[in-house]
Amino acid sequence: MAKTSSILGIHARNRLFLSLNKKSGRRIADSKLLTKKVLGKYGLPTPKLYAVFTNPGEVFDFPWETLPDNFVLKPSSGFGGEGIVIVKKKAKWAGEWYLMDGSIINIGELRLRSLDILAGQYSLHNLPDKAFIEERIKIAKIFRKYAFQGTPDVRVIVFNKVPVMAMLRLPTASSAGKANLHQGAIGAGIDLATGITTYGVVNGQWIKYIPGTKIKVNGLKLPFWDNILTLAITTQEVIPKLGYLGVDVVI
């Protein structure tokens, strides 16, 4: 385990590395919709886009009943997983869906969340934002016993076209099924050479087991590991103004 003195703190990271990112690159990274557009231009995979809302009129005019069984509502410039609504499946009545925790959300509530997003309630800089609805990527079989309800992802940190570190983000009950560390998801380190998980952290605490289970965090070999690293590098190549970035990949 690393000594405290050998860990790169967030302020040192910002000063030494984030300062290398150009304004035009940060503008892309700060917008999920712009990121999707750029990646799509170069043929890189992103979840299917169902709708984009830029004003309240579009929210009220949208035919919500035509949405598929499952989807995700997001703020374009959100951060920390705030404002995201993950819909699992349709409920009994038209215009209602089940969320990942089994509760029900209806069209009125989805409209209200969309309006909150447009008003900038969840945006990175507290400015008016765009809301969008995209495909929900279902959990891969290999992760079912490790993750609570939601879909895990792999975050690869790339610096000057070199992957320098990576982690598997696992949703938990406390993160409400979201793979976001700020909300209580598990961050499991990944050995870059092998694609096998090592130590785990949740809410700032080291863990050896998935909370509430006897399942070890370490020792999970991720499938398609070489493809994941290649995809992360290619992502930086198509956004060259970002010399340091995190690429999130869902299997």
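Note that this is a predicted model, so its numbers are computed, not measured.

> Any chance you could explain the nonpolar core here in plain terms?
In summary, soluble globular proteins display a tendency toward joint burial of nonpolar side chains. The biggest cluster of nonpolar side chains holds 33 residues, and the ones touching the most others in it are Val154, Val156, Leu168, Leu222 and Trp225. Here this core takes five residues from helix H6 (residues 225-238), the largest share from any one element. Discounting residues that sit within four places of it in the chain, Val154 has contacts with Met167, Leu168, Ile190, Leu222, Trp225, Ile228, Val247, Asp248 and Val249. One finds Val59, Leu99, Leu110 and Leu118 within the second-largest nonpolar core, a separate group that totals 20 residues.

> I'm lost on the packing of aromatic side chains in this one. Help?
The way to describe two aromatic rings as a pair is by their centre distance and the angle between their planes. One pass over the full model with this rule turns up six aromatic pairs. Between the aromatic rings of Phe62 and Trp64, the centroid separation amounts to 5.2 Å while the plane-to-plane angle is 85°, which identifies the pairing as edge-to-face. The interplanar angle of 85° and the centroid separation of 5.4 Å between the aromatic rings of Phe71 and Trp97 together place this pair among those described as edge-to-face. Taken together, the residues Phe71 in strand E2 (residues 71-75) and Trp97 in strand E4 (residues 96-99) connect sequence positions 26 residues apart. When sorted by exposure, Phe71 lands in the same class as Trp97, which is buried. Taken together through their ring pairs, the aromatic side chains of Phe53, Phe62 and Trp64 make up a single cluster.

Definitions and cut-offs
- Residues numbered from 1 in each chain as written.
- Predicted model: local features only at pLDDT ≥ 70, side-chain atom pairs only at ≥ 80, totals over all residues.
- Heavy atoms only, no water.
- Core = buried A, V, L, I, M, F, W, Y, C linked by side-chain atoms within 4.5 Å.
- Buried < 20%, exposed > 50% of the residue type's maximum accessible area, 1.4 Å probe, protein only.
- Helix = DSSP H or I, 4+ residues; strand = E, 2+ residues; numbered from the N terminus.
- Contact = heavy atoms within 4.5 Å.
- Phe/Tyr/Trp six-rings, centres within 6.5 Å; stacked < 30°, edge-to-face > 60°.

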